[in-house]
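The lines below spell out each chain.
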Amino acid sequence: MSLRFGRPAARRLTAAFAVMLGALALAACGSSSSSSSSASASSSSSAASSSTSAAASASTGTSSSSGAVDIASCGTKPGVKATGTPINIGTIDTHQPGTDFTDGPNMINAYFTCVNDNGGIDGHPLKLFVELDQTQPAQIEADAHQLIQTDHVVAIDGVFDLLECTLDAAYWKQLGIYEMDAGIAPECWAGPNSAAVNMGPRYSSDGAVQYAIDVVHASKVVFVQSNVPGTGYIAAGPAAIAAATHTPITELTANVPISDANSLAIKLVDDAGPNGAVVLNFTPPEALVILQAAQKLGLEDRVKSWGCSTPCDTDFLAKALGPKWNHKLFVNAELTNPDDHNGPDMQLYKAILAKYGQSVAGGVGSFSEMGFVLAKFLVKALETIHGPYTLRSVNNAIVNISNYKTDLLCSPWTYGHLPLHIPNNVDYTVTPDNGKMITVQGCTPISSADPQIAEYRKVAEAAGINPGG
């Protein structure tokens, strides 16, 4: 795997992430250094160095449940290392204090390493080029050109980024690239050249608010999210869900990293009231800071329920919160819950994470699940190609992905030639239960009260594609 962190700097990356089990805040170094490796993806490389304690613990904890799977099934030639010309794949991911999405590309790299150890793609190893950014537009646009013009990647797969879809959409369209991502920015779902395996913050927040209203019967919702680009777009979804049921909603933002969690927790509870619900949209470490502050102040029972978008669906959070939050926090889960599902792909995900995922700091969780699905779907698409792996042949295979199934998603996943893509729009709700997440609501469509969801289902049905809802 090749890694660059912060263009145009050229110093070697020396920062390490620490998963702090006391404060349980993910501390990201503010270095603007960069590094690259000429080696193909390997189990020892990562998009960012991290403390191995949490990752190793999470990975080891899943090994017993993944014993039935043959990990070599990730490839077509078990035990045969791929030695041909590498197939270069690119990704761009946000990595900055308060917003660290590197578990996604690190899991993709883990999957690629498994594939490379078991035959590769017709003997060709996969090589992942990772560009890490700090939400600087010029840097992200330069990263895209670097991947194409210098690294000669033939696909963009696994983008976990706050701005990338917005900034690079026109460039990808010009080149005929069909990006696969786990998006954040609106354009990840709103254009013809991007399709996400996740719902992203808007539609996942829709699901969390929908659960609070339809199941918990909250009389009011307070929705709070990190103050990062795209907050207005994200908030529009929950606002539409609440309006459809005539439920009052208050929408707030908070700067990250959060500096005064106590004051924020008090405000959220006061605004929601005893019959209201608080719904968070933050990365796990930031959500944890708020929830722990609420617990310290004795506020966890002062509202009818707490909710969170998909990033909170991780055992990292469930273990840190402890039993006081059992069945009090309801998390929208865009992918299948690893703690109470164990289908073939879930077993393979856990096995690859345990063997190759030492750099996945969050261990079992939604970001690593997304990375697994993105890697699996790309590999399956590449296996359909007969002939050279070119920009054109690879992206033709990607856009023609149709009804790919995995037990990590509620519905089959299709790309297709559409003006917008929201192929994942049916999901679960989970809640903490003694250090794990358990499913409390099965596959449930996100409400078409969100006009973006309604539009996607309309165009998908017109094209003969299963819209998922």
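Not measured: the values here are computed from a predicted model.

Caption draft 1: Region of the structure containing the overall build of the protein chain. Check the secondary structure of the protein chain and you find 14 helices and 17 strands. A buried classification covers 62% of the 469 residues belonging to the protein chain. At a minimum sequence separation of 6, the contacts of the protein chain that also span at least 24 residues come to 74%. Counting every atom, the protein chain has about 16,000 Å² of accessible surface; 53% of that belongs to carbon and sulfur.

Caption draft 2: Broad picture of the environment of Gly176. Structurally, the position occupied by Gly176 is in the loop between helix 4 (164–175) and strand 9 (179–181). Overall, the relative accessible area of 29% leaves Gly176 in the partly exposed class. The spacing of Gly176 and Leu391 is 215 residues in sequence and 8.1 Å in space, taken between C-alpha atoms.

Caption draft 3: Spatial organisation of the side chain of Thr314. Within the secondary structure, Thr314 is located in the loop between strand 14 (305–308) and helix 10 (315–321). Overall, Thr314 belongs to the buried group, its relative accessible area being 6%. Apart from the residues within four sequence positions on either side, Thr314 is in contact with Pro284, Gly362, Val364, Gly365 and Met437.

Caption draft 4: Broad picture of the state of the cysteines. Using the criterion set out here, one finds four disulfides in the structure. Bridging Cys165 to Cys188, the disulfide has an S-S length of 2.0 Å. Sign of the S-S torsion, about 100 degrees for the bond between Cys165 and Cys188, identifies this disulfide as right-handed. One end of the pair, Cys165, is in helix 4; the other, Cys188, is in helix 5 (residues 187–190), and 23 residues separate them in sequence. We note that Cys165, like Cys188, is buried. Each disulfide pairs two cysteine sulfurs, and for Cys410 the partner residue is Cys443, the sulfurs being separated by 2.1 Å. Residues Cys410 and Cys443 are joined by a disulfide whose S-S torsion is about -90 degrees; by sign, that bridge is left-handed. Residue Cys410 is found in the loop between helix 13 (391–399) and strand 16 (426–433), and its partner Cys443 is found in strand 17 (residues 436–445); the two are separated by 33 residues along the sequence.

Caption draft 5: Region of the structure containing the pairing of strand 5 (residues 87–96). The buried fraction of strand 5 is high, at 10 of 10 residues. Two strands pair when backbone bridges link them, and strand 5 and strand 8 (residues 155–159) are joined in this way by two bridges, in the parallel orientation. Following the sheet pairing, Ile89 is matched in strand 8 by Ala155. With two bridges connecting them, strand 5 and strand 6 (residues 99–100) associate as antiparallel partners.

Caption draft 6: Region of interest: the sheet that holds strand 12 (residues 249–254). The strand order across the open sheet built from seven strands is 12-11-13-14-15-16-17, with neighbouring strands paired in mixed fashion. If you trace the sheet from one side to the other, it starts and ends with strand 12 and strand 17, each paired once. With direction set aside, neighbouring strand axes in the sheet form an average angle of 25 degrees. Here four bridges tie strand 13 (residues 276–281) to strand 14, and the two strands are oriented parallel to one another. Paired with Ala277 across the bridge in strand 14 is Ser305. On top of the sheet, helix 8 (residues 261–272) reaches strand 11 (220–226), strand 12, strand 13 and strand 14; it is set at about 155 degrees to strand 11, its chief contact.

What counts, and where the lines are drawn
Residues numbered from 1 in each chain as written. Predicted model: local features only at pLDDT ≥ 70, side-chain atom pairs only at ≥ 80, totals over all residues. Heavy atoms only, no water. Helix = DSSP H or I, 4+ residues; strand = E, 2+ residues; numbered from the N terminus. Buried < 20%, exposed > 50% of the residue type's maximum accessible area, 1.4 Å probe, protein only. Contact = heavy atoms within 4.5 Å. Areas by Shrake-Rupley, 256 points an atom, 1.4 Å probe, with all protein chains shown as cover. Disulfide = S-S within 2.5 Å. Pairing = 2+ DSSP bridges. Axes fitted to C-alpha atoms, helices over the stretch in contact; angles between N-to-C directions.

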